[in-house]
Structure formats: structure tokens, C-alpha cells
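# Fold and contact review
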Amino acid sequence: MLSIKHFARAAIVAALAVVSGAALAQTEIQWWHSMTGALNDRVNEFAKGFNESQKEYKVVPVYKGAYPESMAAAIAAFRAGNAPHILQVFEVGTGTMMSAKGAIKPVGQVMREGGQKFDPKSYIGAVAGYYTTSKGEMLSFPFNSSTTVFYYNKDVFEKAGLDPNRAPATWPEVMAAAAKIKASGASQCAYTTGWPSWVHVENLSAWHNVPIATKENGMAGLDTTFQINSPLHVRHWTNLKDWNSKGYFTYAGRRNEGEAKFYSGECAMLTSSSAAQANINRNAKFKYAVAMLPYYADVKGAPQNTIIGGASLWVMAGKKPNEYKGVAQFLTYLADPARQAQWHQQTGYLPITPTAYEITKKAGFYDKNPGTDISVRQMMLHDPTPNSKGLRFGSFVQIRDMFEEEMENMLAGKQDAKQALDTAVKRGNDMLRKFEKTAKE
Amino acid sequence: MEKRVVFRSPWLPYLLVAPQLAITIVFFFWPASQALLQSLQQQDPFGISVEFVGLDNFRALFTDEHYLASFKVTTIFSVLVATIGMSVSLLLAVFADRALRFSGIYKTLLIWPYAVAHAVAGVLWLFLFNPTLGIVAHWMRRAGIDWDPVLNGNDAMTLVVVAAVWNQISYNFLFFLAGLQSIPKSLIEAAAIDGAGPGRRFWTIVLPLLSPTTFFLLVVNVVYAFFNTFAIIDTATSGGPGQATEILVYKVYKDGFKALDLGSSAAQSVVLMAIVIGLTIVQFRYIERKVQY
């Protein structure tokens, strides 16, 4: 028997359903990233903070594997029609992402259309420049940028009779230190490196204001050709080969294996990412210091500034305008100077705005944590030139791998430096032309 | 007299085969046809611009000296893995066959490595022999041996061959042991009475009677070395140093997923498929004739 009570109860339930349904109609924004460990926690904190600060959008961060894997996953998803909204892509994937005109939406455009205040000049030149077209349009949002720095073991320096408070500034000084370390037996290996191509090809060029390739290192056109067989490059690679045969330089691998050799105490000096500092801090049982990347003092214009590594956030195409508004809001949230300063302090990645750097400096962070500002100072040393703004090459993952192959062949004694670099140029140009062909259609 | 199963209902047989057929179509025929199609196209990673280029990808492959070098690496690698794998396991099987006490324990320990997944095996050997992390590498350095699979191509090849052989020994061992135990003891005893020494007995009686097993294992080992070793190479050396351990199947992965060059990668996998089909045909046509059943 239907009574008023039943009817009323049904009405209340229906009303509640409608209300709760509306509350659940948040627009979801998928964010695919490759941050692990403590960095993963930071990413989740960002998303949680944003979600709690407003009700319209919900950012969902998803770990999709390391950079190459997550990029491949996003590409497959795009082909299937369900790409994420935001994708974290490493810097070597920039060329590929940029050429995918139908697949991405430039960040500058997203911010403008989303009605967010956005001034590209408010970002550190060397950081934003990497992700900006030659016409000044910012394509992706710099998120976690690092650069190459020099670490050395102060305890080993002291044992070898070197001044532990004076970092070797030039490559000849580094090798003189290496000779002394080897002679005194203070450590088993003197110098090693992580990311060989990033340090000894790309940043070697930028730091000495020498081009990697024509067309502003590829930023001004797809018809760029490599120039890494210049006298400076040949000189440096010949040195590397020489130092390797003398036992001063130990090759550890193509990624960051060298870092483990450093913090285990095996190698006394290391060139690698500024983002390695967190790991080194945790594992090194000795006093160490951070310094700027070594250079050749007799090269005019050196030191200029270094190029960034790390990754940026790209916005994928094919989503609804309402969702893009949410993305724009989230990116503004990430760019907040206080939040950037915190991210920089906690992770060792560069702050993307000078304001964040100033906040950190005023808080006395750099005084309490020596060496954490080297990366920023290196990036802001001078205004970037066309040789040091960054680089943009298609198929660069493959090309970098190939540079390292040629270096390995050289160090194994199969070829000398000039042959290695000439081959690297030829193979690299072949890959660039192949990419250019697919990108032009 | 041949036994035949007769189905009275016209659609039941098809229904029963349907699940297997579905799996074969979805997981083999469909990807293979996609690979064939993509090998004739050149496209950007996102699939936005797809261009039909005919046999250009194949032409580019066979004029690329690095692809041809990869052939050499794959040949060396598979010959080493197949021959070392089979000889070591044959030796172990002969020993295990003769063992009287604790034979159960020996057999269990020898079969054990097969349960280890290939990727895990690669990482295992990496943790032993990597010059930065490896404990055995550390001892080798202390003993003065110059071991560096990160820079020395031969060292890297040694590392992956050893890891691949270790994983496969159990499989070969099992089959050889079964084969050995199926040889009638009367034949061996008769030869011994006639004065044949153990070596002679092995070469003239045991090996020929073992030939069906050996032939089968040869086919399996070659396919294993061509394809299943991908996980070991990926975890242990990633194809390095230079390209010293970049076997064909690894190059397919690298060009497809790292370099995102799908046309070239598809062309390479088509070539690989043709090679293995060819090898299997050759093996069945010619070598099987020599097998005595």
C-alpha cells in the first residue's frame, strides 16, 4: 500500500542521488608521469593539493614506467584515441613531440585559452628556451629540469694531497688531480661520468658556446645537420680516450651507473645530473662538494651556460575545451613560486622561475645546503646564445644512443676520436633526414 | 588401423576449436599481418602521417651496415648458445645417467634453473658480473683479470652467452636424459663385450640413437637463441657496448620502441620471421634425413 511516507522516502532518496551525482561530475584530468620513489610522492602531493583547492577538476597522476616506456604508452594510447591530458616527456623526446602537430597542444595556447596569466619571460631563460619555438611560443611546461654538474670526493682529495676546498675548474686541472689521485692510490678510479652524451657532447658544446648542429641546434628547422666533429669536440674526445687508456677516466655506462661508482667511494670525481645529489647525499659516506662543470679555459666564450636535462609536461590534443581549462589551472598551480621553491629544495631539480630561486636564497637554503645552487648558477651564468639555448632533434633518443655507441667503440680502441665523431655525424644526419621525411608530410 | 574420431553434430567440432583459433588469430595472425602492413609504410610515431613506401624500408635495411653487423652478432650468438648449451647439457645428462646415489638431487638441481624467468636470469648474471655492481666482477678485478662488459664487446658477449646457456641447460638436460634412458642397455652391453671402450660406445651407439632428441633440441635452441634471449640481452647489456650484443630481435625492439621508427622495426621483424621459417624448413628437410628413428 503506497503511503505518503513511502513516497516521501523515495523522493528524498532520489534527491540525494541527483545531488551526489552532480558532486561526482568532476572533470578528470589524466596526468601520466615517470617519477619514482620520493619524486612520486611529491607528484601525488601536487595532485592532491590541487584537487583539494577546487571542486571542478580532479587531476589523476598515473605512473606509466620510465620515460621511454611512458612515451611509447602515450603514443599507443593516442593511436587508440584515449591519450592522457598531460604527459611528462623527457627532454630528448622534445623533437618527436614537437613534430607531432596534430597530437599536442602548445602550452602557451592552452594557458591563453584557459584565461590564465602566462608570461614566458617569467621563466628562467635557459630552462624555458629549450621548450620554446624559435618564434617564442612555449610548447611544453618545464617541470623537472636538471643540468650537468661536477661532484668530487673531498676526503680523497685530502688523501691525495690536493686542496679539498678547491674544485678543479678546467679539464686540464681535473686530469692533473686525477694523475695525483692515481699516483697516491687515494682511490681506485679517478674520474667517471653519467649520461656520456649529455655531458661530453651536448653540454660540452653549450658550455663552450659552440654549436651542436646548424639551425640553432635544430630549433630553427628540421633541415639541421650535426657539427660535433669540430676541433673542440675532437680535442675533448681525444683527451677522453687518452685519459681512459691512462686509467684516469673510467667509463661506467650510458645512463647514471657512474653515480653509483662515485657514492660508493670507488671514483673520486663525477660529472652527472644535479638531480643525483639526493642519492649521493643518502649513500655517500664521505665529505663531497658540488662545483660547476669543467671547461677548457683557452676557448673563447667558455663557460657560457649549460643545457637542461630532465622532462617537461606536454598537453595532448583532442580533448574538450572544458578539460583544457582545468589543465591550464593546474599548470598555474604548479608554477606558483612558493610551490616551485619547495619542489626545487626537496628534489634538487632546478626552479623554473627566478622568483623561486630568490625565495630559496632568502630562506637561507643554499647556505644550509652547500652545492644545491650550483645548477641554478650554471644555468643563469649568461643569457643563452643560439648555441646554448637548448637543442631539438627528432629521433634524439636513438641518436644519443648512437653517440654513446661511437664513444664506446672509441674507448675500446676500435677507432680514434676523429673517426668516432665523423661517424657519429654521418649516422646522426641519416637519422635526422629520415625523421625530417616523416615529419614533413 | 587408424583411429578416427567422428563427430555426429556438424557444428560441435568448430565450436570446440573456436577458442584456440580465436587466440591464434588475435595473438599471431593479426599482429603478424599488421607487421607486414607496417613494414611497407613509413609513419611518424603518432600515426598522424602514414605513407606507403613499398619496399623502401627493406632496401634501407640491407644497405645499413649496422643491420648487417647485427646479422653477424646474431649468428655468433646463436651458434655459441646452441652448441655450448647442447654439449654441456649432454655431458651433464651422461653423468646424471650414470649416477647411482643422489641422482634425484642432481636431477632436481639441474632442472631448477629452467624455472627462472629469462629477465630474472639476465638481472641475476648482471648483479654478479657487472663491473660497477657485480660481486664476481669485484673478485675478478682483485685477481687481476681485466673484466669489463661495459666497454669490451667480447666480455659482454661472454656474459650474455653464459646467462642464456644457463637458463636453457635444464631444458636440454631433461630431454637428453630421457633420450639416454630410452637406449636399450643390451646394445651398450653387447658393444662392451665386443671390446668397445666407453668413448667408442658413445660415438657409435649412443649419439646416433640420440639423434632424434638432438635434432629436436637443435631446432628449439636455435629458436630460443633468436627470440627468447631478448629478455637476457635487455637486462644484462642493452645491446652494448657499441653494438656488440645487439641481436636481430633486440634491434627490432630498439628501433620500434626506443626510436619509434615503426616502419623499419616492422620490416626487421618480417625479415626475422622469414629467417626462422627458412631455418626450420632447412632443418626439417635436410637434417631430419640424417636422423635415425
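Reading guide: rules and limits
Residues numbered from 1 in each chain as written. Chains lettered and ligands numbered in written order. Predicted model: local features only at pLDDT ≥ 70, side-chain atom pairs only at ≥ 80, totals over all residues. Helix = DSSP H or I, 4+ residues; strand = E, 2+ residues; numbered from the N terminus. Buried ≥ 20, exposed ≤ 12 C-beta atoms within 10 Å, placed from the backbone. Contact = placed C-beta atoms within 7 Å. Axes fitted to C-alpha atoms, helices over the stretch in contact; angles between N-to-C directions. Parallel < 35°, antiparallel > 145°, perpendicular 65-115°, else oblique. Left-handed = near helix turned anticlockwise from the far one by under 90°. Nonpolar A, V, L, I, M, F, W, Y, C, P; charged D, E, K, R; others polar. Pairing = 2+ DSSP bridges. pLDDT = per-residue confidence, 0-100. Expected span 1.5 Å × (residues − 1). Core = buried A, V, L, I, M, F, W, Y, C linked by C-beta atoms within 7 Å. Right-handed = clockwise from strand over helix to strand, strands pointing away.

## Quick look at the overall build of chain B
When helices and strands are counted, chain B shows 12 helices and two strands. Helices and strands appear in chain B in the N-to-C order α-β-β-α-α-α-α-α-α-α-α-α-α-α. Burial analysis of chain B (293 residues in total) assigns 34% to the buried set.

## Looking at the overall build of chain A
Counting secondary structure elements, chain A contains 20 helices and 11 strands. With the C-alpha coordinates of chain A rotated into their principal frame, the extents come out at 100 × 50 × 35 Å. Within chain A, the proportion of its 441 residues that are buried is 51%. When contacts within chain A are restricted to residue pairs at least 6 apart in sequence, those whose partners lie at least 24 apart make up 74%.

## Some details on the packing of helix α15 (residues 337-347) of chain A against helix α16 (residues 354-362) of chain A
Residue and element names in this part refer to chain A. Their axes nearest at 8 Å, the elements α15 and α16 cross at an angle of 65 degrees. Considering the angle they form, α15 stands roughly perpendicular to α16. Between α15 and α16 lies a crossing of right-handed hand. Contact residues: Pro337, Ala338, Gln340, Ala341, His344 and Gln345 in α15; Thr355, Ala356, Ile359 and Thr360 in α16. Here the contact of α15 with α16 is built from residues that sort into five nonpolar, five polar and no charged.

## Comments concerning the pairing of strand β3 (residues 86-90) of chain A
Residue and element names in this part refer to chain A. Counted residue by residue, β3 has four buried out of five residues, so it is predominantly covered. Taken together, the two bridges between strand β1 (residues 27-33) and β3 define a ladder with parallel strand orientation. Of the residues in β3, the one forming a bridge with Trp32 is Leu87. Both β3 and strand β11 (residues 309-316) contribute to a ladder of five bridges, which runs antiparallel. Of the residues in β11, the one forming a bridge with Phe90 is Ala311.

## Overview of the interface of chain A and chain B
Contacts between chain A and chain B engage 28 residues on the former and 23 residues on the latter. Listed by contribution, the elements that provide at least two residues to the side of chain A that touches chain B are α3 (67-80), α4 (94-99), α12 (257-263), α19 (396-411) and α20 (417-440) of chain A. Ranked by the residues each element gives to the side of chain A that touches chain B, the list is headed by α19(A), at six residues. Looking at the side of chain A that touches chain B residue by residue, the class counts come to 13 nonpolar, eight polar and seven charged.

## Section: the packing of helix α5 (residues 118-129) of chain B against helix α7 (residues 153-181) of chain B
Residues and elements named next belong to chain B. Across the interface, α5 lies against α7 with an axial gap of 10 Å and an inter-helix angle of 135 degrees. Viewed along their axes, α5 and α7 adopt a mutual orientation that is oblique. Both α5 and α7 take part in a crossing whose hand is right-handed. Facing His118, Ala121, Gly122, Trp125 and Phe129 of α5, the residues of α7 in contact are Leu159, Val162, Ala163, Trp166 and Asn167. Each residue belonging to the contact of α5 with α7 can be placed in one class, and the counts come to seven nonpolar, three polar and no charged.

## Focus: the confidence of the model for chain A
The predicted coordinates ought not to be read in detail in places where the model reports low pLDDT. Overall, the prediction assigns chain A a mean pLDDT of 88, with 94% of residues at 70 or greater. At the level of individual helices and strands, chain A shows its lowest average pLDDT in helix α1 (residues 4-24) of chain A, which scores 59, and its highest in strand β2 (residues 57-63) of chain A, which scores 95.

## Concerning the sheet that holds strand β9 (residues 267-273) of chain A
All names here are of chain A. Here we have five strands laid out as an open sheet, ordered β8-β7-β9-β6-β10, and mixed in their pairing. The open sheet has two edge strands with one neighbour each: β8 (249-250) and β10 (288-291). Where strand β6 (residues 148-153) and β9 come together, five bridges link them in antiparallel fashion. Counterpart to Tyr151 in the pairing with β9 is Leu270.

## What about the environment of Pro198(B)?
Residue and element names in this part refer to chain B. Position of Pro198 among the secondary structure elements: in helix α9 (residues 198-228). A count of 13 C-beta atoms within 10 Å places Pro198 in the partly exposed class. Measuring from C-alpha to C-alpha, the distance between Pro198 and Ile188 comes to 9.3 Å, with 10 residues separating the pair along the chain.

## A short note on helix α14 (residues 321-335) of chain A
Here α14(A) spans 21 Å end to end across 15 residues, near enough to the 21 Å set by a 1.5 Å rise per residue. Of all the residues in α14(A), the buried ones are Tyr324(A), Gly326(A), Val327(A), Ala328(A), Gln329(A), Phe330(A), Leu331(A), Leu334(A) and Ala335(A).

## Overview of the environment of Tyr366(A)
Residue and element names in this part refer to chain A. Note on placement: Tyr366 falls in helix α17 (residues 365-368). A count of 18 C-beta atoms within 10 Å places Tyr366 in the partly exposed class. Separated by 21 residues in the primary sequence, Tyr366 and Gln345 place their C-alpha atoms 9.1 Å from one another. Apart from the residues within four sequence positions on either side, Tyr366 is in contact with Thr360, Lys361, Thr372 and Asp373.

## Quick word on the nonpolar core
A general tendency of soluble globular proteins is for nonpolar side chains to be buried together. One finds Val127(A), Ala178(A), Ala190(A), Val327(A) and Leu331(A) to be the most contacted residues of the largest nonpolar core, which totals 135 residues. Sequence-distant contacts of Val327(A), defined by excluding residues within four places in its chain, comprise Ile29(A), His85(A), Ile86(A), Val110(A) and Val315(A). Counting 39 residues, the second-largest nonpolar core is a separate cluster that includes Ala93(B), Ala121(B), Ile232(B) and Val252(B).

## Structural notes on the pairing of β1(A)
Residues and elements named next belong to chain A. Pairing of β1 with β2, which is carried by seven bridges, proceeds in the parallel orientation. Following the sheet pairing, Gln30 is matched in β2 by Val60. In this fold, β1 hands off to helix α2 (residues 37-53), which returns the chain to β2; that crossover is right-handed.

## Digging into unusual backbone geometry
Of note, the amide linkage connecting Ala302(A) to Pro303(A) takes the cis form, showing an omega dihedral of -15 degrees. Along the chain, the position of Pro303(A) falls in the loop between β10 and β11. With a phi close to 55 degrees, Lys215(A) is a non-glycine residue in the positive phi region. With respect to the helices, strands and loops of the structure, Lys215(A) is situated in helix α10 (residues 214-217). In this structure, Ser238(B) takes a positive phi of about 50 degrees despite not being glycine. The topology assignment puts Ser238(B) in the loop between α10 (230-236) and α11 (248-258).

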